[in-house]
Amino acid sequence: MTFSSIRKLALPVLSVAILSSCVVPDDTSRVAKVDPTAAAARKEMVGLSEADVRMCAGFPTATADAGRSSQIWTYKRVVQRGNLSIVVPTMALGAIPAVGGSVNVAPGGYCDTQIRMVDGRVAEVAYAGDNNMPNRRDALCVSTVDACVTYARQHGQRPVAAKRR
């Protein structure tokens, strides 16, 4: 094989290497914005009663005591989607290093939506788990809280602290 034929083969191989490096990172916090509904839930659900949350989100998957008159309600959600997985085989040509890689599009994940209840009202909403999508953080949690955000907006719910002023 001559040097010129190796050069002709090297360009497509290097192109594949560059394209395979354009993989969405596991931690998308620097490139993706927080889903607007998930962000709204952190503010707008504060002050909802236990009955309100059961009405809009259903019964929690798990509960835990968190001190005096405080509980943490957890809503677990697992998302299994059909993955599109593109795999580029590893190839090496003489002095050219091995290149290859894979890309997963719309992977599944899970979200634990955690709601802190204090004196029977929502005090805090947080999210845990593998809940990011390539373009939105906390996106897999939206289906748990979207009805509660709508409920809070329709019923003019305001945080308890804001009502006392």
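Summary of the structure given here. As the structure is a computational prediction, the values presented were derived from the model and not from experiment. (Residues numbered from 1 in each chain as written. Predicted model: local features only at pLDDT ≥ 70, side-chain atom pairs only at ≥ 80, totals over all residues. Heavy atoms only, no water.)

**Some thoughts on the packing of helix α2 (residues 36–44) against helix α4 (residues 142–154)**
Logical step 1: At a minimum axis distance of 9 Å, the contact between α2 and α4 shows a crossing angle of 50°. The angle between α2 and α4 falls in the class oblique. The interaxial crossing formed by α2 with α4 has left-handed handedness. For the pair α2 and α4, contact is made by Thr37, Ala38, Ala40, Ala41 and Glu44 and by Val142, Val145, Asp146, Val149, Ala152 and Arg153, respectively.
Logical step 2: Tallied by class, the residues present in the contact of α2 with α4 amount to 7 nonpolar, 1 polar and 3 charged. (Axes fitted to C-alpha atoms, helices over the stretch in contact; angles between N-to-C directions. Helix = DSSP H or I, 4+ residues; strand = E, 2+ residues; numbered from the N terminus. Parallel < 35°, antiparallel > 145°, perpendicular 65-115°, else oblique. Left-handed = near helix turned anticlockwise from the far one by under 90°. Contact = heavy atoms within 4.5 Å. Nonpolar A, V, L, I, M, F, W, Y, C, P; charged D, E, K, R; others polar.)

**Brief notes about unusual backbone geometry**
Residues other than glycine predominantly adopt negative phi, and peptide bonds predominantly adopt the trans conformation.
Logical step 1: A positive phi angle, near 55°, is found at Asp119, a position not held by glycine.
Logical step 2: Tracing the backbone shows Asp119 in the loop between β6 (109–118) and β7 (121–128).
Logical step 3: Overall, Asp119 belongs to the exposed group, its relative accessible area being 59%. (Buried < 20%, exposed > 50% of the residue type's maximum accessible area, 1.4 Å probe, protein only.)

**Observations concerning the side chain of Asp138**
Logical step 1: Looking at where Asp138 falls in the secondary structure, it is placed in the loop between β8 (136–137) and α4.
Logical step 2: There is a polar contact of 3.5 Å between the side chain of Asp138 and the side chain of Asn131.
Logical step 3: In contact with Asp138, not counting residues within four places along its chain, are Val34, Ala38, Arg42, Tyr127, Asn131 and Asn132. (Polar contact = N/O pair within 3.5 Å; in protein donor to acceptor, adjacent residues only side chain to side chain.)

**Some points on the state of the cysteines**
Logical step 1: The full count for this structure, using the stated rule, is 2 disulfides.
Logical step 2: A sulfur-sulfur distance of 1.9 Å marks the disulfide that ties Cys56 to Cys148. Looking along the S-S bond of the Cys56-Cys148 disulfide, the torsion reads about 90°, which is the right-handed sense. With Cys56 in helix α3 (residues 50–57) and Cys148 in helix α4, this residue pair connects regions lying 92 residues apart in the sequence.
Logical step 3: Linked covalently through their sulfurs, Cys111 and Cys141 form a disulfide whose S-S length is 1.9 Å. What sets the handedness of the Cys111 and Cys141 disulfide is the S-S torsion sign, and at about 105° it is right-handed. Of this pair, Cys111 sits in strand β6 while Cys141 sits in the loop between β8 and α4, and the two are 30 residues apart along the sequence. (Disulfide = S-S within 2.5 Å.)

**So, the sheet that holds strand β2 (residues 62–65)**
Logical step 1: Judged by pairing direction, the sheet is antiparallel, and its 4 strands sit side by side in the order β2-β3-β6-β7 without closing on themselves. At either end of the open sheet lies a strand with only one pairing partner, and these are β2 and β7. When strand polarity is set aside, the average angle formed by the axes of neighbouring strands in this sheet is 20°.
Logical step 2: Bridging between β6 and β7 involves 7 bridges; their strand directions are antiparallel. When the sheet's bridge partners are listed, Gln114 is paired in β7 with Ala126. (Pairing = 2+ DSSP bridges.)

**Looking at the packing of α3 against α4**
Logical step 1: As a packed pair, α3 and α4 sit with axes 8 Å apart at the nearest point and diverge in direction by 125°. The angle between the axes of α3 and α4 places the two elements in the oblique class. Along this stretch, α3 crosses α4, giving a crossing that reads as right-handed. Here Asp52, Val53, Met55, Cys56 and Ala57 of α3 lie close against α4, whose contacting residues are Thr144, Ala147, Cys148 and Tyr151.

**Remarks on the pattern of salt bridges**
Logical step 1: Per the stated rule, a full pass over the model turns up 5 salt bridges.
Logical step 2: Residues Arg54 and Glu50 are paired through a salt bridge, measuring 3.7 Å at the closest nitrogen-oxygen approach. Taken together, the residues span about one helical turn, with Arg54 and Glu50 both in helix α3 at a distance of 4 residues.
Logical step 3: Look at Glu50 and you get partly exposed, because its relative accessible area is 23%.
Logical step 4: Lys76 is the salt-bridge partner of Asp112, the closest N and O atoms lying 3.4 Å from each other. With Asp112 in strand β6 and Lys76 in strand β3 (residues 70–79), this residue pair connects regions lying 36 residues apart in the sequence. (Salt bridge = Lys/Arg side-chain N within 4 Å of Asp/Glu carboxyl O.)

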